[in-house]
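Summary of structural features
Take a look at the letters that make up each chain.
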Amino acid sequence: MRYSMSAALLDACVLGVISVEETYGYDLTQKIGMTADISESTVYPVLRRLSKDGMLDTYDRPFEGRNRRYYKITDKGTEFLTECIADWYVYKESVEKLMTAGGCVA
Amino acid sequence: MTKKEYLFQLRQNLKHLPAFEIETAIAYYDEYFSEAENEFAAINKLGAPQTVAAKIIGEYAVSSAENAKNSEKARNAASKPKTDSSLKTLWIALIALFALPVAFPLALALFFVILALLITLFSIVLAFAATSLALGIAGIPMVISSFAVMFLHLPTGIAMLGTGLAGLGLCYFIGLGTVMLTKAIVRGLQTMIGKLLIKKGGTA
């Protein structure tokens, strides 16, 4: 992929994946890694920060004699994600205009 | 490297962080390796423990700088930011930066650039602090002695009182500005080095 994932985009993607299905770190990393060319160690700091900021909540669920830490989105996180998605559409459209239509902003 | 060795090294590299941050990170990567089908492949893919630690510390530094800024804006007596703890975070970030596995000449160059930056910023802060201190030292005796001078020659005494008070006022404002400047510099450096840490690990 020619384009790289910015920190803000990664935040939104992490929230987006978790908002659809609550999941644990390894699974999330694999899901994001399929689309974005990020190193695997990038996901934990993002999860930690989003939890700290009250966007995500965690709970433990036993699995094969150990614990899996699941992440779920909070109300604050959902609200933030909605803003991120709205911003993304605006940004995506203006980039598209620049690339294909000479940048005339309607 | 086995999982146990890897987690041990990761813990070593995180040791200056608050205990809760260390335990949460270690628990995460412990679980992470258990999830992976091939433990060794996962360890290799993840990269050096120093790099993984650098990213964790970088994110910690950036987000605590941000929180300090926000709580300063909110300015509650309850959530008063502690300057020494943010200085500590800056220090932790610097340690992590130099623990990163980079080529020696590059590390040396980076070291001198950062050192030069720190010395420059420190000199600026010191200059302001000295100005404030000098104004204070000159202002106080001037105000006191102005009362004695007033008995000898009233206009001169009043002029002296005015000058002294003006000096003390400047001392206060420059002092206050210096404190705010210092805090902003520490936060700025913390964010800068934090971002550098996150980025350095990004491509590894």
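What comes next is a walk through the structure.

For chain B, the helix and strand inventory stands at seven helices and zero strands. Moving toward the C terminus, one meets the helices and strands of chain B in the order α-α-α-α-α-α-α. The C-alpha atoms of chain B give a radius of gyration of 25 Å, which is well past the 17 Å a tight globule of 204 residues would have. When its C-alpha atoms are laid out on the principal axes, chain B stretches across 90 × 40 × 20 Å. The burial tally for chain B puts 35% of its 204 residues in the buried class. Within chain B, contacts between residues separated by at least 24 positions form 73% of all contacts whose residues are at least 6 apart in sequence. Carbon and sulfur atoms form 72% of the exposed surface of chain B, whose accessible area is close to 11700 Å². Here chain B contributes 17 positive and 12 negative side-chain charges, whose respective centroids are spaced 12 Å apart.

It is worth spelling out unusual backbone geometry at this point. Notably, Glu64(A) is not glycine yet its phi reads approximately 45°, a positive angle. In this structure, Glu64(A) sits in the loop between strand 2 (56-63) and strand 3 (66-73).

Glancing now at the pairing of strand 3 of chain A. When a strand is regular, its side chains alternate between the sheet's two faces. Residues and elements named next belong to chain A. For strand 1 (residues 23-24) and strand 3, the ladder comprises two bridges, and the chain directions are antiparallel. Considered in strand 3, the bridge of tyrosine 24 is made with tyrosine 70. Adjacent in sequence and paired antiparallel, strand 2 and strand 3 are bridged by two residues, among which glutamate 64 carries a positive phi angle near 45°.

Turning next to the interface of chain B and chain A. Taken together, the contact pairs 23 residues of chain B with 22 residues of chain A. Across the interface of chain B and chain A, roughly 2100 Å² is buried in total on both sides, 49% from carbon and sulfur atoms. Where Glu40(A) meets Lys45(B), a salt bridge forms, and the shortest distance between an N and an O atom there is 3.2 Å. On inspection of chain B and its partner chain A, the count reaches twelve residue pairs in polar contact (both at pLDDT 80 or more). Elements represented by at least two residues in the side of chain B that touches chain A include exactly helix 2 (19-35), helix 3 (39-46), helix 4 (49-74) and helix 7 (154-202) of chain B. A total of ten residues in the side of chain B that touches chain A trace back to one element, the largest contributor, which is helix 2 of chain B. By residue class, the composition of the side of chain B that touches chain A is eleven nonpolar, five polar and seven charged.

Following the criterion strictly, the structure yields 14 aromatic pairs over all chains and no others. Aromatic pair Tyr44(A) and Tyr28(B): ring centres 4.7 Å apart, planes at 45°, arrangement tilted. One end of the pair, Tyr44(A), is in helix 3 (residues 43-52); the other, Tyr28(B), is in helix 2, on a second chain. Summarising the burial analysis for this pair, Tyr44(A) and Tyr28(B) share the class buried. What links up through ring pairs into an aromatic cluster is the set Tyr26(A), Tyr44(A), Tyr6(B), Tyr28(B), Tyr29(B), Tyr32(B) and Phe33(B). Across the ring face of Tyr70(A), the terminal group of Arg61(A) is positioned such that the distance to the ring centre comes to 4.6 Å. Its end group placed over the ring of Phe63(A), Arg68(A) keeps NZ or CZ at 3.5 Å from the ring centre.

With 49 residues, helix 6 (residues 104-152) of chain B extends 71 Å between its outermost C-alpha atoms, agreeing within 8% with the 72 Å of an ideal straight helix rising 1.5 Å per residue. Along helix 6 of chain B, the positions that sit buried rather than exposed are Ile114(B), Val125(B), Ser132(B), Gly136(B), Gly139(B), Val143(B), Ser146(B) and Met150(B).

This part covers the sheet that holds strand 2 of chain A. Taken in spatial order, the three strands of this open sheet run 1-3-2 (chain A), and their pairing is antiparallel. Across the chains shown, the open sheet's two edge strands, defined by having one partner strand only, are strand 1 and strand 2 of chain A. Where helix 2 of chain B meets the sheet, its contacts fall on strand 1 and strand 3 of chain A, and the angle it forms with strand 3 of chain A comes to roughly 110°.

This next bit is on the packing of helix 2 (residues 25-35) of chain A against helix 2 of chain B. The contact between helix 2 of chain A and helix 2 of chain B brings their axes to 8 Å, and the two run at 70°. For the element pair helix 2 of chain A / helix 2 of chain B, the angle class is roughly perpendicular. From helix 2 of chain A, Gly25(A), Tyr26(A), Thr29(A) and Gln30(A) reach across to helix 2 of chain B, where they touch Tyr28(B), Glu31(B), Tyr32(B) and Glu35(B). For the contact of helix 2 of chain A with helix 2 of chain B, the residue count by class is three nonpolar, three polar and two charged.

Calculation notes
Residues numbered from 1 in each chain as written. Chains lettered and ligands numbered in written order. Predicted model: local features only at pLDDT ≥ 70, side-chain atom pairs only at ≥ 80, totals over all residues. Heavy atoms only, no water. Helix = DSSP H or I, 4+ residues; strand = E, 2+ residues; numbered from the N terminus. Rg over C-alpha atoms; globule rule 2.2 N^0.38 Å. Buried < 20%, exposed > 50% of the residue type's maximum accessible area, 1.4 Å probe, protein only. Contact = heavy atoms within 4.5 Å. Areas by Shrake-Rupley, 256 points an atom, 1.4 Å probe, with all protein chains shown as cover. Lys, Arg positive; Asp, Glu negative; His and termini not counted. Charge placed at Lys NZ, Arg CZ, Asp CG, Glu CD. Pairing = 2+ DSSP bridges. Buried area = accessible area lost by both parts, 1.4 Å probe. Salt bridge = Lys/Arg side-chain N within 4 Å of Asp/Glu carboxyl O. Polar contact = N/O pair within 3.5 Å; in protein donor to acceptor, adjacent residues only side chain to side chain. Nonpolar A, V, L, I, M, F, W, Y, C, P; charged D, E, K, R; others polar. Phe/Tyr/Trp six-rings, centres within 6.5 Å; stacked < 30°, edge-to-face > 60°. Lys NZ or Arg CZ within 6 Å of the ring centre and 35° of its normal. Expected span 1.5 Å × (residues − 1). Axes fitted to C-alpha atoms, helices over the stretch in contact; angles between N-to-C directions. Parallel < 35°, antiparallel > 145°, perpendicular 65-115°, else oblique.

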